[in-house]
Amino acid sequence: MLKILIVVLLIGVIISLFSGLVFLFKDAEKPDSRRTLHALGIRITLATALLLAVFYGFYTGQLRLGTNAPWHIENAEAPSETPPE
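Residues numbered from 1 in each chain as written. Predicted model: local features only at pLDDT ≥ 70, side-chain atom pairs only at ≥ 80, totals over all residues. Heavy atoms only, no water.

A look at the side chain of Asp27
Okay, step 1: Residue position: Asp27 is located in the loop between helix H1 (2-26) and helix H2 (35-60).
Okay, step 2: Excluding anything up to four places from it in sequence, Asp27 contacts Ser33 and Arg35. (Helix = DSSP H or I, 4+ residues; strand = E, 2+ residues; numbered from the N terminus. Contact = heavy atoms within 4.5 Å.)

Written as structure tokens, this is what we have:
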């Protein structure tokens, strides 16, 4: 469930980033437009929530750094082959 939340927040940050870029170009002639500012605020909020979710995952042990990759599991289970001497 936490990994799904992290992916959703990351997608939200990316969408907010591109919407801010679009608003920046569309509202170039409108000095009183605040759509770019609002997109930036949403992006900062989503990025903060994303960082908190990642830190929470590391704190609770739901996320681990580098030890749960599939190639680490295969190497740990495979017997080590030493050449005969």
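Observations concerning the environment of Ser16
Okay, step 1: Within the fold, Ser16 resides in helix H1.
Okay, step 2: Take Ser16: its relative accessible area is 7%, and that puts it in the buried class.
Okay, step 3: With 27 residues separating them in the primary sequence, Ser16 and Arg43 have C-alpha atoms 5.5 Å apart.
Okay, step 4: If near-sequence neighbours (up to four positions away) are discounted, Ser16 is found in contact with Ala39, Ile42 and Arg43. (Buried < 20%, exposed > 50% of the residue type's maximum accessible area, 1.4 Å probe, protein only.)

Notes on the environment of Ile42
Okay, step 1: Mapped onto the fold, Ile42 is located in helix H2.
Okay, step 2: For the pair Ile42 and Val13, spaced 29 residues apart in sequence, the C-alpha separation works out to 8.0 Å.

Here we look at the confidence of the model for the chain
Okay, step 1: When pLDDT is averaged across the chain, the result is 84; 76% of the residues are at 70 or more.
Okay, step 2: Averaged pLDDT values for the elements of the chain fall to 60 in helix H3 (residues 70-77) and rise to 94 in H2. (pLDDT = per-residue confidence, 0-100.)

Things to note about H2
Okay, step 1: Between the first and last C-alpha of H2 there are 37 Å, a value that for 26 residues agrees with the 38 Å anticipated at 1.5 Å per step.
Okay, step 2: Among all positions of H2, only Ala39, Leu50, Ala53 and Gly57 are buried.
Okay, step 3: The inward-facing, buried residues of H2 abut H1.
Okay, step 4: Gly61, located one to two residues past H2, shows a positive phi value of around 90°. (Expected span 1.5 Å × (residues − 1).)

Things to note about the packing of H1 against H2
Okay, step 1: It is the contact of H1 with H2, at a shortest axis distance of 8 Å, that shows an interaxial angle of 160°. Relative to H2, the element H1 is oriented roughly antiparallel. You can see that H1 and H2 cross each other, and the crossing is left-handed. (Axes fitted to C-alpha atoms, helices over the stretch in contact; angles between N-to-C directions. Parallel < 35°, antiparallel > 145°, perpendicular 65-115°, else oblique. Left-handed = near helix turned anticlockwise from the far one by under 90°.)

Thoughts on the nonpolar core
Okay, step 1: Core analysis: the largest hydrophobic core is formed by six residues, namely Leu2, Ile6, Leu9, Leu50, Ala53 and Leu63.
Okay, step 2: Counting residues per element, the ones that place at least two in this core are H1 and H2.
Okay, step 3: No other element matches the three residues that H1 contributes to this core. (Core = buried A, V, L, I, M, F, W, Y, C linked by side-chain atoms within 4.5 Å.)

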